[in-house]
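The lines below spell out each chain.
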Amino acid sequence: MRLRHCHNFHDFRELARQRLPGPVFDYIDGAADDEATYRRNTESFERCDLVPNVLRGVDAVDLSVTIMGQRLALPVYCSPTALQRLFHHEGERAVAAAAAKFGTMFGVSSLGTVSLEEVRKAYATPQVYQFYFHKDRGLNRAMLQRAKEANVDVMMLTVDSITGGNRERDLRTGFSIPFRLTMAGMLEFARKPMWGINYVTHERFSMPQLDAHVDFGGDALSIGRYFTDMLDPSMTWDDVAQMVRDWDGQFCLKGIMSVDDTKRAAAIGCTGIVLSNHGGRQLDGSRAAFDQLAEVVDAVGDRLDVMMDGGVQRGTHVLKALSLGAKAVGLGRYYLFPLAAAGQPGVERALGLMKTELERDMKLMGCRTIAELSRDNLRFR
Ligand SMILES: Cc1cc2nc3c(=O)[nH]c(=O)nc-3n(C[C@H](O)[C@H](O)[C@H](O)COP(=O)(O)O)c2cc1C
């Protein structure tokens, strides 16, 4: 199988599966506990039907949206994800370059493998910095200041990961940073020598957002323990309100679900929220963002920008979310499998296919602009 044979999410996933050592593939593909939320994220779109209008004169379609002050040429963006250079040696560089080519936003994770400054300098497209809140308040202040000096456009605080999720696939393979592979996990790496060659012949693995503060070397700390030992489960709304004031710019909370929390986010001055269950990787049994979207848009949609992510595999999924009132939709595995499969050309192909699907679907829906999508175009089964 080759990149040119990839026509949808499932094709990219299959190519990534062929090219990655099993434990790395399972780290991307896996989710928490029984992975029920992971499955439901995509299934939730299938309970909703599109009701198109015809004969509307739709020769040209404008897919642009404005979220948190950023104009995006597409209503989708690349959500921040950890460890990208482990999936493909180009890592965040490939994702940033592809996002810039399509005029959309991308995120750099706190657990990113390229520095936020490097990609900020290389690409003018809107950039998110994804923040985890640490027990060490001095570390939080230093990281906020660093992102400010780098001129990051949007600060995105992830609040659904106050402790690590139970990823049982990783327990079985021994996937962790640093690697603590089981014998079966090691055999999987031996079966994909090209990945290993790329890994050792390119720049040494590092996490430049955290390297100065956290020692991930040797037995020092695993990523799992980073979540439990260093992140602050006692964090409250007052802490976030202080962070919003300190940042004094576009500030987004990622990983909230309840209407009550979204009202609080609006009250403390957040300019955006992402309804998200972290791709089903944290609290299994949590509600799918798409199922919760209408309630939240009705409650706070006039006070901040509501976005969502989770399970998005098709242009029609995006159109359904936008019709319910989301301002934009985040992609996770949708671009990670193409990254793992083929680096920058892979991510570009995936975003290109998404753009083509969105244009085609908008025409078939009888809509020229995103603003023309509405709940009148939807029926729930
Ligand atoms: C491998 C992987 C790593 C991730 N790392 C992070 C991260 O570091 N920070 C974060 O806020 N979200 C992270 N996420 C969650 C994504 O930003 C996004 O919320 C999720 O992937 C959306 O679901 P989807 O993959 O079904 O599209 C990660 C997701 C995956 C699959």
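What this report covers is the structure whose coordinates are included nearby. Counting restarts for each chain: residues are numbered from 1 in the order of the written sequence. Confidence filtering applies because this is a predicted model: local features only for residues at pLDDT of at least 70, side-chain atom pairs given and counted only at 80 or more, and all residues used for totals across whole chains, interfaces and linings. Side-chain calculation: all heavy atoms of the structure are included, whereas hydrogens and water are not.

Tallying secondary structure elements over the protein chain gives 16 helices and 12 strands in all. For the protein chain, whose C-alpha radius of gyration is 20 Å, the value lies close to the compact-globule estimate of 21 Å for 381 residues. The dimensions of the protein chain, computed from C-alpha atoms along their principal axes, are 60 × 50 × 40 Å. Only protein chains enter the area calculation, which uses a 1.4 Å probe; residues under 20% of their type maximum are buried, those over 50% are exposed, and those in between are partly exposed. The buried share among the 381 residues of the protein chain stands at 57%. The contact criterion used throughout is that any non-hydrogen atoms of two residues lie within 4.5 Å. In the protein chain, the share of contacts with a sequence separation of at least 24, taken over all contacts with a separation of at least 6, comes to 73%. Within the structure as shown, the protein chain displays about 15,600 Å² of accessible surface, and the carbon and sulfur contribution to it stands at 51%. Within this scheme the basic residues Lys and Arg register as positive and the acidic residues Asp and Glu register as negative, but His and the chain ends are omitted. Here the site of a charge means atom NZ of a Lys, CZ of an Arg, CG of an Asp or CD of a Glu. Of note, the protein chain has its 47 positive side-chain charges centred 4 Å away from the centre of its 48 negative side-chain charges. Helix and strand labels come from DSSP, where a helix needs a run of H or I of at least four residues and a strand needs a run of E of at least two; each type is numbered from the N terminus. Computation of the radius of gyration draws on C-alpha atoms, with the globule rule given as 2.2 Å multiplied by the number of residues to the power 0.38. Every accessible area reported is derived by Shrake-Rupley at a probe size of 1.4 Å, with residue values counting cover from the shown protein chains alone.

Turning our eyes to something else, we now look at helix 1 (residues 9-19). Of the residues making up helix 1, those classed as buried are Phe 9, Asp 11, Phe 12, Leu 15 and Ala 16. Summarising the axial view, the buried residues of helix 1 lie within an arc of 165°, below the 170-degree limit, and thus occupy one face. Tucked into the core, helix 1 has its buried residues touching helix 2 (22-29) and helix 16 (333-365). Here a polar contact is taken to be a pair of N or O atoms separated by no more than 3.5 Å, where protein atoms must pair a possible hydrogen donor with a possible acceptor and residues adjacent in sequence count only if both atoms sit in side chains. The backbone nitrogen of His 10 has a side-chain oxygen 2.9 Å away, supplied by the residue at the start of helix 1, namely Asn 8. The arc in question is traced by the directions running from the helix axis to the C-beta atoms.

Summarising the element assignment, Asp 305 is placed in strand 10 (residues 305-309). We classify Asp 305 as buried; its relative accessible area is 15%. In contact with Asp 305, other than residues within four places in its own chain, are Thr 66, Ile 67, Met 68, Thr 271, Gly 272, Ile 273 and Lys 327. A distance of 2.6 Å separates a polar atom in the side chain of Asp 305 from the backbone nitrogen of Met 68.

Now for the nonpolar core. Counting 126 residues, the largest nonpolar core has Leu 83 and Met 308 as its most contacted members. With 15 residues, helix 16 is the largest single contributor of residues to this core. Joining through side-chain atoms within 4.5 Å is the link that ties buried Ala, Val, Leu, Ile, Met, Phe, Trp, Tyr and Cys residues into a set, and such a set is a nonpolar core.

This brings us to the site of the ligand. Near residues are defined by distance, with any heavy atom within 4 Å of the molecule or strand qualifying the residue. Residues in close proximity to the ligand total 21 residues, the closest being Ser 79, Pro 80, Ser 109, Thr 158 and Asp 309. One of the side-chain nitrogen or oxygen atoms of Ser 79 is found 2.8 Å away from an oxygen atom of the ligand. Note that a nitrogen atom of the ligand is positioned 2.9 Å from one of the backbone N or O atoms of Ala 82. Elements with a contribution of two residues or more to the shell around the ligand: helix 2 and helix 16. Classification convention: Asp, Glu, Lys, Arg as charged; Ala, Val, Leu, Ile, Met, Phe, Trp, Tyr, Cys, Pro as nonpolar; all other residues, Gly among them, as polar. Class assignment for the residues of the shell around the ligand results in 6 nonpolar, 11 polar and 4 charged.

Counted as salt bridges are all cases of a side-chain nitrogen of Lys or Arg within 4 Å of a carboxyl oxygen of Asp or Glu. In this structure the tally under the stated criterion is 21 salt bridges. Ionic pairing is found between Arg 146 and Glu 117, a salt bridge with its closest N-O pair at 2.7 Å. Here Arg 146, found in helix 7 (residues 137-149), pairs with Glu 117, found in helix 6 (residues 116-122); they are 29 residues apart in sequence, far enough to count as distant. By relative accessible area, which is 21% here, Glu 117 ends up partly exposed. Notably, a salt bridge pairs Glu 357 with Arg 314, separated by 2.7 Å at the nearest N-O pair. With Glu 357 in helix 16 and Arg 314 in the loop between strand 10 and helix 15 (315-324), the pair connects residues that are 43 residues apart, well separated along the chain. Overall, the relative accessible area of 12% leaves Glu 357 in the buried class. For Arg 314, a relative accessible area of 31% puts it in the partly exposed group. Salt bridges here are not isolated pairs; linked through shared partners, they connect Arg 13, Asp 26, Asp 29, Glu 35 and Arg 169.

The N-to-C vectors of helix 1 and helix 16 enclose an angle of 155°; their axes lie 9 Å apart at closest approach. When the axes of helix 1 and helix 16 are compared, the pair comes out roughly antiparallel. In this structure, the crossing between helix 1 and helix 16 has a hand that is right-handed. Residues Phe 9, Phe 12, Arg 13, Leu 15, Ala 16 and Arg 19 of helix 1 touch helix 16, and the partners they reach there are Arg 333, Tyr 334, Phe 337, Pro 338, Ala 340, Ala 341, Gly 346, Arg 349, Ala 350 and Leu 353. Here the residues of the contact of helix 1 with helix 16 sort into 11 nonpolar, 1 polar and 4 charged. Axis geometry follows a simple rule: fit a line to the C-alpha atoms, using only the stretch in contact for helices, then measure angles between N-to-C directions, giving values from 0 to 180 degrees. In what follows, roughly perpendicular refers to angles from 65 to 115 degrees, roughly parallel to angles under 35, roughly antiparallel to angles over 145, and oblique to any angle outside these ranges. Each crossing gets its handedness from the near helix: less than a right angle anticlockwise from the far helix is left-handed, clockwise is right-handed.

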